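# Observations on the three-dimensional arrangement
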Amino acid sequence: MSYDRVLYFAMDIQEAHAGQIVAVFGVDCASGDTFTNGSVSLKRFWRTIFKGFESDQTIISGMGELHLDIYVERIRREYKVEATVGKPCVNFRETITQRAKFDYLHKKQSGGQGQYGRVIGYVEPLPPGSPTKFEFENMLVGQAIPSSFIPAIEKGFKEAANSGSLIGHPVENIRVVLTDGASHAVDSSELAFKLAAIYAFRQCYTAAKPVILEPLMLVELKVPTEFQGTVAGDINKRKGVIVGNVQDGDDSIITAHVPLNNMFWIFNSTFVQ
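Structural notes, computed from the coordinates. What you see is a predicted model; the values in this text were computed from it and never measured. (Residues numbered from 1 in each chain as written. Predicted model: local features only at pLDDT ≥ 70, side-chain atom pairs only at ≥ 80, totals over all residues. Heavy atoms only, no water.)

### A short note on unusual backbone geometry
Note: most residues except glycine have negative phi, and most peptide bonds are trans. Here is the rule we go by: The numbering of helices and of strands both runs from the N terminus, where a helix is a DSSP run of H or I of at least 4 residues and a strand a run of E of at least 2. The buried label goes to any residue with under 20% of its type's maximum accessible area, the exposed label to any with over 50%, and the partly exposed label to all in between, with areas taken from a 1.4 Å probe on protein chains only.
The phi angle at N173 is positive, at roughly 55 degrees, despite the residue not being glycine. Structurally, the position occupied by N173 is in the loop between α3 (150-160) and β7 (174-182). Using a relative accessible area of 28% as the deciding quantity, one classes N173 as partly exposed. In this structure, K239 takes a positive phi of about 65 degrees despite not being glycine. By relative accessible area, K239 is classed as exposed at 66%.

Shown next, in the form of structure tokens:
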């Protein structure tokens, strides 16, 4: 009796055509979904498309909102790609406003070697204009914590500061000072002290009275003087603060600080129309 065997070989390919059976990894899709030439349409407008730094959104840029609407319509009409369009995500930040102490003991025993690490200290806001956004200082006296575990503690605080508890955005302008702690001859490890630092940060964060920071845009608008009041009212509706108003002939030059999150679709407002 003879047997026939079929051998299958896996290879990487750059493209696939109709009727071919391929495996694709890392694609967010479901059974029955149809793939279009969306990548081709993006390459067509590659000079105006980029990835968001933190949001990972696909962002298109142009000379105005009408320009962007034309891009989206061409992608739909020429390449049959339906795009979900919305405003870009704004990269907010969090910070603290006062000093807060922490004293956290991470202790875990589950048979065999356990985990033990205690960190004591405080967090405080950095002074205005500080060149760094995060600062860690070791003010330990003695060998309460072996020096080999200090980098793990700093790494734990940095990791915890990547996501604040208010809106989940990074925490900036913060200084962490380690003043004391405790270790165990057997159960202490880098992982134990890293986890202790993460939980210590979460423990004291609320007591430090955190606040949300949002980016402000310096906006300069030149409008006919007769529309000055309408423009100023629109800026106020966008929670902007007017910092200057200069007369230039029949025009007024208005300077204001406006939150970036309220700047999108500003040219669709009534005073421009």
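### What to know about the side chain of S188
Defined as follows: Identification of polar contacts relies on pairs of N or O atoms within 3.5 Å, with a donor-acceptor requirement for protein atoms, meaning one able to donate a hydrogen and the other able to accept it, and with residues adjacent in sequence counted only if both atoms are side-chain atoms. Contacts between residues were defined by any pair of non-hydrogen atoms, one from each residue, lying within 4.5 Å.
With respect to the helices and strands, S188 occurs in the loop between β7 and α4 (190-205). A polar contact is formed between the side chain of S188 and the backbone oxygen of Y116, at a distance of 2.9 Å. Engagement of the side chain of S188 in a polar contact is seen with the backbone nitrogen of H184, the distance being 2.5 Å. Excluding its chain neighbours within four sequence positions, the residues that come into contact with S188 are Q113, Y116, F149, S183 and F193.

Such coordinate-based values are descriptive only and should not be taken to indicate function.
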